[in-house]
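Structural overview for review
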Amino acid sequence: MSKNLAWLLIIIGGICEIFWVSGLKYADTLGLQALTGLGICISFVCMLLAIKAIEISVAYSVFVGIGAAGIVLAEIVVFGAAASWLKITLIVVLMCGVIGLKFATSDKGA
C-alpha cells in the first residue's frame, strides 16, 4: 500500500470517528445504533490498514487528533455546545501538532 493511500485511510477513519462517537451519545433507535457500530468498524479497519504503511505512533496520533478536534467542532456547530476562544485555540494547537507529526514522519521503511 502506498503512503498516500495510507494517509487517506487515516483521514477517512478520523472522519468516521467523529460520526460514531457522536452516535454513541445521540443514537436513540436501533437503526442509528447499527450505523454507529458500522462507523466503528469502518473507522478501525481504515486505521488497521493504514498502519501497515505508516508508523503506528504517528498514525494513531493523527487518527485520534482528527477525531477529537472534529468531535469538539461537531458538538459546537451541530449540537449547540458552548463555544469559547479557549476551545478554538486548543483545537488549533491540536491540529498543528497533528500536522507537525505528519510532516515529521520519515519516509524510510514501510
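These numbers were taken from a predicted model, which means no experiment stands behind them.

About the cut-offs
Residues numbered from 1 in each chain as written. Predicted model: local features only at pLDDT ≥ 70, side-chain atom pairs only at ≥ 80, totals over all residues. Heavy atoms only, no water. Helix = DSSP H or I, 4+ residues; strand = E, 2+ residues; numbered from the N terminus. Buried < 20%, exposed > 50% of the residue type's maximum accessible area, 1.4 Å probe, protein only. pLDDT = per-residue confidence, 0-100. Contact = heavy atoms within 4.5 Å. Salt bridge = Lys/Arg side-chain N within 4 Å of Asp/Glu carboxyl O.

With that out of the way, let us pick up the environment of Asp28. With respect to the secondary-structure elements, Asp28 resides in the loop between α1 (3-26) and α2 (30-50). When its relative accessible area of 62% is taken as the criterion, Asp28 is described as exposed. Sequence separation between Asp28 and Ile56 is 28 residues, and the spatial gap between their C-alpha atoms is 34 Å.

Our next topic: the confidence of the model for the protein chain. Predicted confidence across the protein chain gives a mean pLDDT of 88, with 95% of residues reaching 70 or more. In the model of the protein chain, helix α4 (residues 85-104) stands out as the element of lowest mean pLDDT, 87, in contrast to α2, which has the highest, 94.

Looking now at the side chain of Glu75. Within the element layout of this structure, Glu75 appears in helix α3 (residues 56-77). Note on Glu75: relative accessible area 18%, which makes it buried. The contacts of Glu75, once residues within four sequence positions are left out, are Lys25, Tyr26, Gly80 and Ala81.

Another point: the environment of Leu48. Mapping Leu48 onto the fold places it in helix α2. Along the chain, Leu48 and Gly13 lie 35 residues apart, while their C-alpha atoms are 9.6 Å from each other.

The tally for this structure, following the rule as stated, stands at one salt bridge. Its salt-bridge partner being Glu75, residue Lys25 comes within 3.8 Å of it at the nearest N-O pair. One end of the pair, Lys25, is in helix α1; the other, Glu75, is in helix α3, and 50 residues separate them in sequence. Judged by its relative accessible area of 57%, Lys25 falls in the exposed class.

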